[in-house]
Amino acid sequence: MVKGGEEEKIKRILTDPKLAAIKAMLEKDHAIDCIFLLHMKRGKWKEAKEFMRNNGLTLSDGTFRARMIEIEDLGLAKGERIDPLKKYYIKTELGEKIAKLLLEFFDKLST
């Protein structure tokens, strides 16, 4: 069993609409990749694709766009229109906070 305080925190994460929405987005394919891409200022598809390919990783344009739309809807990024069909995504303060927490999480796992 977990401590009462931890159980309350978990209930809050699972039931608070904003936190539950962020949790659900993070569970999706390539969501963390996209948050890290934003953190590195690679919020444009061409820059994101280049980074992923240079590192032997894959990310389809459809997945990139779908995650970025969700990330924008949650307030973690802001989309700037390049032309009628394309956007460039810029991290928000909340998006930066999440990226740093994820970096810290993975850093602690590797030590």
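Note: the structure precedes this text.
Here goes a summary of the coordinates provided. (Residues numbered from 1 in each chain as written. Predicted model: local features only at pLDDT ≥ 70, side-chain atom pairs only at ≥ 80, totals over all residues. Heavy atoms only, no water.)

**Overview of the nonpolar core**
Test applied: Joining through side-chain atoms within 4.5 Å is the link that ties buried Ala, Val, Leu, Ile, Met, Phe, Trp, Tyr and Cys residues into a set, and such a set is a nonpolar core. Only protein chains enter the accessibility calculation, which uses a 1.4 Å probe; a residue is then buried when its area is under 20% of its type maximum, exposed when over 50%, and partly exposed in between. The way it works is that DSSP assigns letters per residue, a run of H or I at least four long becomes a helix, a run of E at least two long becomes a strand, and they are numbered from the N terminus. For this analysis, residues touch if any pair of their heavy atoms sits within 4.5 Å.
Grouped together as the largest cluster of nonpolar side chains are 20 residues, with contacts concentrated most on Ile35, Leu59, Phe64, Met68 and Ile71. Elements represented by at least two residues in this core include exactly α2 (17–26), α3 (31–39), α4 (45–54), α5 (61–73) and α6 (93–109). With residues up to four places along the chain from it excluded, the contact list for Met68 reads Cys34, Leu38 and Tyr89.

**Considerations on the side chain of Thr63**
Counted only if it meets this: What qualifies as a polar contact is a pair of N or O atoms within 3.5 Å, subject to a donor-acceptor requirement within protein and to the restriction that residues adjacent in sequence count only when both atoms come from side chains.
For Thr63, the location among the structural elements is in helix α5. On the basis of relative accessibility, which here comes to 18%, the residue Thr63 falls in the buried class. Within the structure, Thr63 has its side chain in polar contact with the side chain of Ser60 (distance 2.9 Å). Filtering out sequence-adjacent residues up to four positions away, Thr63 remains in contact with Asp29 and His30.

**Things to note about the packing of aromatic side chains**
The cut-off we apply is this: For Phe, Tyr and Trp, where Trp contributes only its six-membered ring, two rings pair if their centres lie within 6.5 Å, and the inter-plane angle classes them as stacked under 30 degrees, edge-to-face over 60, or tilted in between.
For the coordinates displayed, the defined rule picks out three aromatic pairs. Ring geometry for Trp45 versus Phe64: centroids 5.4 Å apart, planes at 45°, classification tilted. Here the residue Trp45 occupies a position in helix α4, and Phe64 occupies one in helix α5, the gap between them amounting to 19 residues. Across the pair, exposure class does not vary: Trp45 and Phe64 are buried alike. Here Phe105 and Phe106 contribute two aromatic rings whose centre-to-centre distance is 5.0 Å and whose plane-to-plane angle is 75°, an arrangement assigned as edge-to-face. Judged by its relative accessible area of 46%, Phe105 is partly exposed. Ring-pair connections join several aromatic residues into one group, and the members of that group are Phe36, Phe105 and Phe106.

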